[in-house]
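Given next are the chains, with one letter for each unit.
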Amino acid sequence: MGTIQALHKKVLVIFMTANRTLHRWQAVLVLALFAAAALLGACLDRQQGDLADQVLRLHVLANSDSDADQALKLQVRDAVLDEARSILPADATREEALELLSNSLPQLAQVGADVVAAAGYTYPVTASLEEDAWFPTKDYGTLSLPTGSYTALRLVIGEGVGQNWWCVVFPPLCLGAVSEPIQPNAVLEGLDAAQTALVTGDGEEYVLKFKLMELVEEVRHRWEGA
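What you are looking at is a predicted structure, and each value in this text was computed from that prediction instead of being measured.

(A) Region of interest: the packing of helix 4 (residues 94-103) against helix 5 (residues 105-118). Between helix 4 and helix 5, the least distance of the axes is 4 Å, while the angle of their chain directions is 60 degrees. With respect to their mutual orientation, helix 4 and helix 5 come out oblique. Contact with helix 4, carried on its side by Leu 101, Ser 102 and Asn 103, involves Leu 105, Pro 106 and Leu 108 of helix 5 and no other residues of that element. Residue composition of the contact of helix 4 with helix 5, grouped by class: four nonpolar, two polar and no charged.

Below, the structure is given as structure tokens:
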């Protein structure tokens, strides 16, 4: 919400500047265009937030970008996903899944640490639940989740400066091994008709909205990071 308020202030500054250099009708047109853009941005930001409230993402950070550390990241990912499946009942709600994962963070970190130790490394592994974790747009077969902020189970291996691995831990979209098929229906069951159309790209209207949502969230992320 702070981003929207800051944008409104920016619009007023632009209007005051335009009002001194343009004709009155031109200044009003500039204000109307920026106000419309701000309202669209707020609407799309809210829709992304509603979508994010349906899922819990998974974020695994490798120790480094070396081939060995990247391979180790995938081993940790597989073990953590397997453990998460054993923790989360098939009929769990998002709130229940969030509580269960929160209570199981030491267990999940230990699972990752055991994989690291078995591979002959001494990297520490930490597990945490992060709110407002920023994710890029990711494609999962027949559906895509837009860029934006999500609640995420985050596993950090060692220094955590290597390439990331992103997915969805609830509903269980990503299975343990890369070769296993994903389960998009698990996510779609929790979405309404408009959200389903958005993530599946069902219709040109929703393809355009998805692209606009990407743009809005990218701008918001850069704005907040500045």
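(B) Seen up close, the packing of aromatic side chains. Within this structure, the stated rule accounts for three aromatic pairs. A centroid spacing of 5.8 Å and a plane angle of 75 degrees characterise the contact between Phe 135 and Tyr 150, whose relative ring orientation is edge-to-face. Of this pair, Phe 135 sits in strand 2 (residues 125-135) while Tyr 150 sits in strand 5 (residues 148-157), and the two are 15 residues apart along the sequence. According to the relative accessible area criterion, Tyr 150 is buried, its value standing at 1%. Among the residues examined, Phe 135 registers a relative accessible area of 0% and is labelled buried. Grouped by ring-pair contacts, the aromatic residues Phe 135, Tyr 150 and Trp 166 constitute a single cluster. It is Arg 57 that lies over the ring of Tyr 150; its NZ or CZ is 4.6 Å from the centre. For Arg 77, the ring lying beneath its charged end belongs to Trp 165, and the centroid distance is 4.7 Å.

About the cut-offs
Residues numbered from 1 in each chain as written. Predicted model: local features only at pLDDT ≥ 70, side-chain atom pairs only at ≥ 80, totals over all residues. Heavy atoms only, no water. Axes fitted to C-alpha atoms, helices over the stretch in contact; angles between N-to-C directions. Helix = DSSP H or I, 4+ residues; strand = E, 2+ residues; numbered from the N terminus. Parallel < 35°, antiparallel > 145°, perpendicular 65-115°, else oblique. Contact = heavy atoms within 4.5 Å. Nonpolar A, V, L, I, M, F, W, Y, C, P; charged D, E, K, R; others polar. Phe/Tyr/Trp six-rings, centres within 6.5 Å; stacked < 30°, edge-to-face > 60°. Buried < 20%, exposed > 50% of the residue type's maximum accessible area, 1.4 Å probe, protein only. Lys NZ or Arg CZ within 6 Å of the ring centre and 35° of its normal.

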